[in-house]
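Residues per chain, in single letters:
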Amino acid sequence: MSATDETTLFANGLLPQIGLIEITVCNGRIVTIGKSTGQTNANLVDLGGKLVLPGLVDGHMHLDKTLFGLPWTPHAAGPTRMSRIETDKDVLPHLPVPARRRAALLLDRCIANGTAHVRTHVDVRTDMGLSPLHEILAVREEYSDRVTVEIVAFPQAGVMRCAGVVDLLDAAIDAGADLVGGIDPSVIDRDPKGQLDAVFEIAERKGVGVDIHLHEPAELGLFSLEEICARTKALGLQGRVTVSHAFCLGMISEGAARDAAALLAEAGVSIATHGAGGSVIPPVLILREHGVNIFAGNDNVRDTWSPYGNADMLERAAIVGWKSDFSRDEHIAIAFDIVSSCGAKALSIEGYGLAVGNRANFFTIDASCVAEAVGGHPARSLVVHGGRIVAREGVAA
Ligand SMILES: [Zn+2]
């Protein structure tokens, strides 16, 4: 194979600040990117004048829970978080389609929507052991040439209230999970010190990051947040800890939110949001003003927790922007930042973005600028991962 054959020229793309551009890719990486020169190449892909954007980052998913691959299933859980946890116990172990297949179908949708990187939480429970984790590890391997998947060992039903879960979390990291998770240390476990000490002890000993679901309201949530920040700093885990949801930050006074933002920034703790429908969400602009990294994920996509979702991170950006009352282009650009660069930072993705030397992960969309892409989020025209076309016109290849 000659050098020419190994190089692909993606021509006639649009970057609003430059105009029409071309991208040369070799061995999965961007070799050149700049104004169109009209050069030709044996491997030329015409981008049709469409907007080029970097691959999206879905920083909070539950691949193992999705009901993709099954006929439409009416939502069975009640309105409380605990009823959803109980429903999981009744439903998930008995689904007729294995987690590996359901997760693969969901990943196909992610890829078709231009997502290049996913962080998924995977249930770690005593009744199912590590079987969901092993299935998601298998699908991660299967899809490794199309999307990267980072896995959080997630104690959905609690840590201290379920004997054996601490040991299972430990085993999950040994089996291949990348981060250790937690959930509502006060409300679910009623033992905040016990849960947070156990989770951070595993993180320190195994050298992994932490991502904790925190739905606790107002001052109670703030207390947990402060405890998480204290442990993050004490163990030198700055930059490797995420608090997911953190509804509490939207339930307190602006002054208290600013104090919390300063604390989070100092501790290097990121916040993940999905623009929850049933709750206020963290104040995006205040957090960013203080230097806190806030990113986003789709969270539950058509599963036992939510019947909604299509795995589109541009739609998620629109939801976060809508919940935040963003309407000006510069604010909508922040919503896009949250589903792209901010997610890449939280997931420690090296070489992210449209620049020479980086992985050639990008997509095209029929829009004139980022704000239009987020606002209407039409189907992705072409999705490229590692220089290879992995989806066309909203369908995974
Ligand atoms: Zn979640």
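Structure shown above.
Below: a short report on this structure.

What counts and what doesn't
Residue numbering note: each chain is counted from 1, following its sequence as written. Whole-chain, interface and lining totals are the exception, using all residues; otherwise, since this is a predicted model, local features are given only for residues with pLDDT of at least 70 and side-chain atom pairs are given and counted only at 80 or more. Just so you know, side-chain values use all the structure's heavy atoms and leave hydrogens and water out. Side-chain rings of Phe, Tyr and Trp (the six-membered ring for Trp) are treated as a pair once their centres are within 6.5 Å; stacked means planes under 30 degrees apart, edge-to-face means over 60, and tilted covers the remaining angles. Going along the chain from the N terminus, every DSSP run of H or I of four or more residues is numbered as a helix, and every run of E of two or more is numbered as a strand. Exposure classes here rest on a 1.4 Å probe applied to the protein chains alone. A residue is buried below 20% of its type maximum, exposed above 50%, and partly exposed in between. The rule is short: NZ of Lys or CZ of Arg within 6 Å of the ring centre and within 35 degrees of the ring normal puts a charge over the ring. Counted as coordinating are nitrogen, oxygen and sulfur atoms within 2.8 Å of the metal, or 3.2 Å for Na, K and Ca, while water is not included, which may make sites look incomplete. When four donors show all angles between 85 and 135 degrees the site is tetrahedral, when four or six donors have opposite pairs over 155 degrees and all other angles between 65 and 115 it is square planar or octahedral respectively, and in every other case it is irregular. Criterion used throughout: strands pair if DSSP finds at least two bridges between them. By construction, the arc corresponds to the directions joining the helix axis to the C-beta atoms. Pairs of N or O atoms are called polar contacts if they sit within 3.5 Å, as long as, within protein, a hydrogen donor faces a hydrogen acceptor (for residues adjacent in sequence, only side-chain-to-side-chain pairs). Within this analysis, patches are made of residues with over 30% relative accessible area and no salt bridge. Like charges are joined at 9 Å or less; nonpolar side chains (Val, Leu, Ile, Met, Phe, Trp, Tyr) at 5 Å or less. Residue-level accessible areas treat just the shown protein chains as cover; the underlying method is Shrake-Rupley with a 1.4 Å probe. Any Lys or Arg side-chain nitrogen found within 4 Å of a carboxyl oxygen on Asp or Glu counts as a salt bridge. Residues belong to one nonpolar core when they are buried, are Ala, Val, Leu, Ile, Met, Phe, Trp, Tyr or Cys, and are joined through side-chain atoms within 4.5 Å. Residue contacts are counted whenever heavy atoms from the two residues lie within 4.5 Å of one another. Here, axes are lines fitted to C-alpha atoms. For helices the fit covers the stretch in contact, and angles between N-to-C directions go from 0 to 180 degrees. Convention used here: angles under 35 degrees read as roughly parallel, angles over 145 as roughly antiparallel, angles from 65 to 115 as roughly perpendicular, and any remaining angle as oblique. Take the far helix as your reference; a near helix turned counterclockwise from it by less than a right angle gives a left-handed crossing, and one turned clockwise gives a right-handed crossing. Within this scheme the basic residues Lys and Arg register as positive and the acidic residues Asp and Glu register as negative, but His and the chain ends are omitted. Under the grouping applied here, Gly and all other residues not named as nonpolar or charged are polar, the nonpolar ones being Ala, Val, Leu, Ile, Met, Phe, Trp, Tyr, Cys and Pro and the charged ones Asp, Glu, Lys and Arg.

**Some details on the packing of aromatic side chains**
Turning to step 1, where the next piece is worked out: One pass over the full model with this rule turns up one aromatic pair.
Turning to step 2, where the next piece is worked out: Summarising the aromatic geometry, the rings of Phe-10 and Phe-362 are spaced 5.2 Å apart at their centres and angled 90° between planes, so their arrangement reads as edge-to-face. One end of the pair, Phe-10, is in strand 1 (residues 7-15); the other, Phe-362, is in strand 14 (residues 362-365), and 352 residues separate them in sequence.
Turning to step 3, where the next piece is worked out: Accessibility expressed as a relative area gives 0% for Phe-10, which makes it buried.
Turning to step 4, where the next piece is worked out: The side chain of Arg-146 reaches across the aromatic face of Tyr-143, ending 4.1 Å from its centre.

**Quick word on the coordination of the zinc ion**
Turning to step 1, where the next piece is worked out: Surrounding the zinc ion are the protein donor atoms His-60 (NE2), His-62 (NE2), His-213 (NE2) and Asp-299 (OD), which sit 2.1 to 2.6 Å from the metal.
Turning to step 2, where the next piece is worked out: Around the zinc ion, the four donor atoms sit at angles spanning 85 to 172°, and that spread fits a shape best called irregular.
Turning to step 3, where the next piece is worked out: Asp-299 gets classed as buried once you look at its relative accessible area, which sits at 5%.

**Focus on the pairing of strand 3 (residues 29-35)**
Turning to step 1, where the next piece is worked out: Here strand 2 (residues 19-26) runs beside strand 3; their pairing, made up of six bridges, is antiparallel. Opposite Ile-23, over in strand 3, you have Ile-33 as the bridge partner.
Turning to step 2, where the next piece is worked out: Linkage of strand 2 to strand 3, two consecutive antiparallel strands, is achieved through a turn of two residues, within which Asn-27 is found at a positive phi near 50°.

**What to know about helix 10 (residues 313-323)**
Turning to step 1, where the next piece is worked out: Those residues of helix 10 that fall on the buried side of the exposure criterion are Met-313, Leu-314, Arg-316, Ala-317, Val-320 and Gly-321. Each buried residue of helix 10 lies within a common arc of 155° when the element is viewed along its axis, so the set occupies one face.
Turning to step 2, where the next piece is worked out: Its side-chain oxygen placed 2.8 Å from the backbone nitrogen of Leu-314, Asp-312 serves as the N-cap of helix 10.
Turning to step 3, where the next piece is worked out: In the segment just after helix 10, Asp-325 is the residue with positive phi, at about 60°.

**Looking at unusual backbone geometry**
Turning to step 1, where the next piece is worked out: Even without a glycine there, the phi angle at Arg-190 is positive, about 55°.
Turning to step 2, where the next piece is worked out: The class for Arg-190 is exposed, based on a relative accessible area of 72%.

**Focus on a nonpolar patch on the surface**
Turning to step 1, where the next piece is worked out: On the surface, Val-187, Leu-220 and Phe-223 cluster together into a nonpolar patch covering about 230 Å² of accessible area.
Turning to step 2, where the next piece is worked out: Note that Val-187 resides in the loop between strand 9 (179-183) and helix 6 (192-206).

**Notes on the nonpolar core**
Taken as a class, soluble globular proteins show a tendency for nonpolar side chains to be buried jointly.
Turning to step 1, where the next piece is worked out: Residues Leu-107, Val-180, Leu-249, Leu-264 and Ile-271 are the most contacted members of the largest nonpolar core, which totals 98 residues.
Turning to step 2, where the next piece is worked out: By residue number, the principal contributor to this core is helix 3 (residues 99-112), which donates seven residues.
Turning to step 3, where the next piece is worked out: Residues in contact with Leu-107, not counting those within four places in the same chain, are Leu-63, Val-118, Val-139, Tyr-143, Val-147 and Val-149.
Turning to step 4, where the next piece is worked out: Within the second largest apolar cluster, 13 residues are counted, among which are Leu-15, Ile-21, Ile-30 and Ala-360.

**Some remarks on the packing of helix 7 (residues 218-234) against helix 8 (residues 254-267)**
Turning to step 1, where the next piece is worked out: Relative to each other, helix 7 and helix 8 sit at 25°, their axes nearing to 9 Å. Considering their axes alone, helix 7 and helix 8 lie roughly parallel with respect to each other. Between helix 7 and helix 8 lies a crossing whose hand is left-handed. For the pair formed by helix 7 and helix 8, the contact residues are Leu-222, Leu-225, Glu-226, Cys-229, Thr-232 and Lys-233 on the first element and Ala-260, Leu-263, Leu-264, Glu-266 and Ala-267 on the second.

**Remarks on the pattern of salt bridges**
Side chains that differ in charge, positive against negative, can pair when their charged atoms come close.
Turning to step 1, where the next piece is worked out: Counted according to the given criterion, the structure contains 24 salt bridges.
Turning to step 2, where the next piece is worked out: Across the salt bridge formed by Arg-140 and Asp-178, the nearest N and O atoms sit 2.8 Å from each other. Taken together, the residues span a long stretch of sequence, with Arg-140 in helix 4 (residues 131-142) and Asp-178 in the loop between helix 5 (165-175) and strand 9 at a distance of 38 residues.
Turning to step 3, where the next piece is worked out: Linking Asp-174 and Lys-206 is a salt bridge whose minimum nitrogen-to-oxygen distance equals 2.8 Å. One end of the pair, Asp-174, is in helix 5; the other, Lys-206, is in helix 6, with 32 residues separating them in the sequence.
Turning to step 4, where the next piece is worked out: The exposure class of Lys-206 is partly exposed, given its relative accessible area of 25%.
Turning to step 5, where the next piece is worked out: Among the charged side chains, a network of salt bridges with common partners joins Lys-65, Asp-88, Asp-123, Arg-125 and Asp-127.

**Quick word on the sheet that holds strand 10 (residues 209-214)**
Turning to step 1, where the next piece is worked out: An order of 6-7-8-9-10-11-12-13 is seen for the eight strands of this open sheet, with the pairing classed as parallel. Each edge of the sheet is formed by a strand with only one pairing partner; in this case those strands are strand 6 (56-61) and strand 13 (294-296). On average, adjacent strands in this sheet sit at an angle of 25° to one another, irrespective of strand direction.
Turning to step 2, where the next piece is worked out: As paired elements, strand 11 (residues 241-245) and strand 12 (residues 269-273) share four bridges and run parallel to each other. Bridging across to strand 12, Val-243 finds its partner in Ile-271.
Turning to step 3, where the next piece is worked out: Relative to the sheet, helix 10 contacts strand 6, strand 7 (115-123), strand 12 and strand 13, its axis offset from that of strand 6 by approximately 70°.

**Examining the side chain of Asp-299**
Turning to step 1, where the next piece is worked out: Mapping Asp-299 onto the fold places it in the loop between strand 13 and helix 10.
Turning to step 2, where the next piece is worked out: Here Asp-299 is buried and forms no salt bridge, its nearest opposite-charge partner Arg-316 lying at an N-O distance of 7.5 Å.
Turning to step 3, where the next piece is worked out: If we skip the residues at most four places from it in the chain, Asp-299 touches His-60, Met-61, His-62, His-245 and His-274.

**Observations concerning helix 2 (residues 81-91)**
Turning to step 1, where the next piece is worked out: If you check which residues of helix 2 are buried, you get Ser-83, Ile-85, Thr-87 and Asp-88.
Turning to step 2, where the next piece is worked out: Those residues of helix 2 that are buried lie in contact with strand 7.

**Observations concerning the packing of helix 5 against helix 6**
The geometry of a pair of packed helices is captured by two quantities: the angle between their axes and the separation between those axes.
Turning to step 1, where the next piece is worked out: Between helix 5 and helix 6, whose axes approach to 10 Å, the crossing angle comes to 25°. Taken together, the axes of helix 5 and helix 6 are roughly parallel relative to one another. Seen along the crossing, helix 5 lies across helix 6 with a hand that is right-handed. Contact residues: helix 5 offers Val-166, Leu-169, Asp-170, Ile-173 and Asp-174, while helix 6 offers Ala-198, Ile-202, Arg-205 and Lys-206.
Turning to step 2, where the next piece is worked out: Residue composition of the contact of helix 5 with helix 6, by class: five nonpolar, no polar and four charged.

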